[in-house]
Amino acid sequence: LAQAEGLAGESLVGERRRIYRDVLVVDPGNLAALRGLELANAEISRIELQQKQQSRKNAEALLLHAEQLLGKRPATPDNFARARELLQESARQSPDFTAAVAQLEQLPQHYVDIIRQQLAEENYADAERYLQAAIVLAPQNPELARLREALDALGAREQIVVPISF
């Protein structure tokens, strides 16, 4: 017990808990060890809660940065790729943070919107670039498959050149 009580600081709380448990194996009725174990468990719970709260704050900051990148105009595949990385890190840091997961799931739709915009503006090369990046992200997305077909059809039309002779 003296050894456990001599260990101070958050980094050693796990070791204190281990010592108190060892004492209780030998002497199950040891009140000092029981009380020490209670305190160590409470401190570990407090530390875990603080870490979880900090992870959540970090995840929220990452989400905010990702949202800024997704809203940045002109949009670029690099911004989308970086936003994806930030969202993945946000979800990793705080797995119960559903907003990051939801944004990750919506990321292909951001690409679809930008691709449609590029097609409407007849920026076919940019639309193709976005589409290639989006397909890497969501290869099974049916909306992207339809856009692929549309771009392919446009590409085929652009390649047909009818010479005009007078």
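As the structure is a computational prediction, the values presented were derived from the model and not from experiment.

(A) The arrangement of the overall build of the protein chain in detail. For the protein chain, the helix and strand inventory stands at 7 helices and 0 strands. Seen in sequence order, the protein chain has helices and strands lined up from the N terminus as α-α-α-α-α-α-α. For the protein chain, with 166 residues in total, the buried portion stands at 31%.

(B) Here's a closer look at unusual backbone geometry. Phi angles above zero are rare outside glycine, and Glu-122 is one such case at about 60°. The residue Glu-122 is located in the loop between α5 (98-120) and α6 (124-137) in this model.

(C) View of the packing of aromatic side chains. Counting across every chain of the model gives 2 aromatic pairs. Ring geometry for Phe-80 and Tyr-111: centres 4.5 Å apart, planes at 80°, overall edge-to-face. Taken as a pair, Phe-80 in helix α4 (residues 77-93) and Tyr-111 in helix α5 lie far apart in primary sequence, 31 residues in all. We note that Phe-80, like Tyr-111, is buried. Measuring from ring centre to ring centre gives 6.3 Å for Phe-80 and Tyr-130, while their planes differ by 50°; the resulting arrangement is tilted.

(D) Examining the nonpolar core more closely. Tyr-111, Ile-115, Leu-119, Leu-144 and Leu-147 are the most contacted members of the largest nonpolar core, which totals 30 residues. Mapped onto this core, the elements with two or more residues apiece are α3 (31-71), α4, α5, α6 and α7 (142-159). Sort the elements by how many residues they give to this core and α5 lands first, with 7 residues. Among the nonpolar cores identified, the runner-up in size contains 6 residues, and Ile-19, Tyr-20, Val-23 and Leu-24 belong to it.

(E) Inspection of the pattern of salt bridges at higher detail. The full count for this structure, using the stated rule, is 14 salt bridges. Close ionic contact of Glu-38 with Arg-35 constitutes a salt bridge, the shortest N to O distance being 3.1 Å. Of this pair, Glu-38 and Arg-35 are both found in helix α3, 3 residues apart, which corresponds to roughly one turn of the helix. Judged by its relative accessible area of 46%, Arg-35 falls in the partly exposed class. Arg-56 is the partner of Glu-60 in a salt bridge, and the nearest nitrogen-oxygen pair spans 3.2 Å. With Glu-60 and Arg-56 both in helix α3 and 4 residues apart, this pair spans about one turn of that helix. In this structure Glu-60 comes out as partly exposed when scored by relative accessible area, which is 37%. Through salt bridges that share partners, Glu-15, Arg-18 and Asp-22 make up one connected network.

(F) A look at α5. If you check α5, its first and last C-alpha atoms are 33 Å apart, about what 23 residues at 1.5 Å a residue would give, namely 33 Å. In the structure, α5 departs most strongly from a straight axis at Gln-106, where the bend amounts to approximately 40° and where the proline Pro-108 lies between one and four residues downstream. Here α5 has its buried residues at Ala-100, Gln-103, Leu-107, Pro-108, Tyr-111, Val-112, Ile-114, Ile-115, Gln-118 and Leu-119. The positive-phi residue at the C-terminal boundary of α5 is Glu-122, with phi of around 60°.

(G) A look at α4. For α4, with 17 residues, the first-to-last C-alpha span of 24 Å sits near the 24 Å given by 1.5 Å per residue. Burial in α4 covers these residues: Pro-77, Asn-79, Phe-80, Ala-83, Leu-86, Leu-87, Ser-90 and Ala-91. Those residues of α4 that are buried lie in contact with α3, α5 and α6.

(H) Main features of the environment of Ala-134. Looking at the secondary structure, you find Ala-134 in helix α6. Owing to a relative accessible area of 1%, Ala-134 belongs among the buried residues under this scheme. Sequence separation between Ala-134 and Pro-77 is 57 residues; the distance between their C-alpha atoms is 8.5 Å. Look past the residues within four positions of Ala-134 in its chain and what remains in contact with it is Tyr-111, Ile-115 and Leu-144.

Here is what the cut-offs are and how they apply
- Residues numbered from 1 in each chain as written.
- Predicted model: local features only at pLDDT ≥ 70, side-chain atom pairs only at ≥ 80, totals over all residues.
- Heavy atoms only, no water.
- Helix = DSSP H or I, 4+ residues; strand = E, 2+ residues; numbered from the N terminus.
- Buried < 20%, exposed > 50% of the residue type's maximum accessible area, 1.4 Å probe, protein only.
- Phe/Tyr/Trp six-rings, centres within 6.5 Å; stacked < 30°, edge-to-face > 60°.
- Core = buried A, V, L, I, M, F, W, Y, C linked by side-chain atoms within 4.5 Å.
- Salt bridge = Lys/Arg side-chain N within 4 Å of Asp/Glu carboxyl O.
- Expected span 1.5 Å × (residues − 1).
- Bend = angle between axes of the 7 residues up to and from the residue.
- Contact = heavy atoms within 4.5 Å.

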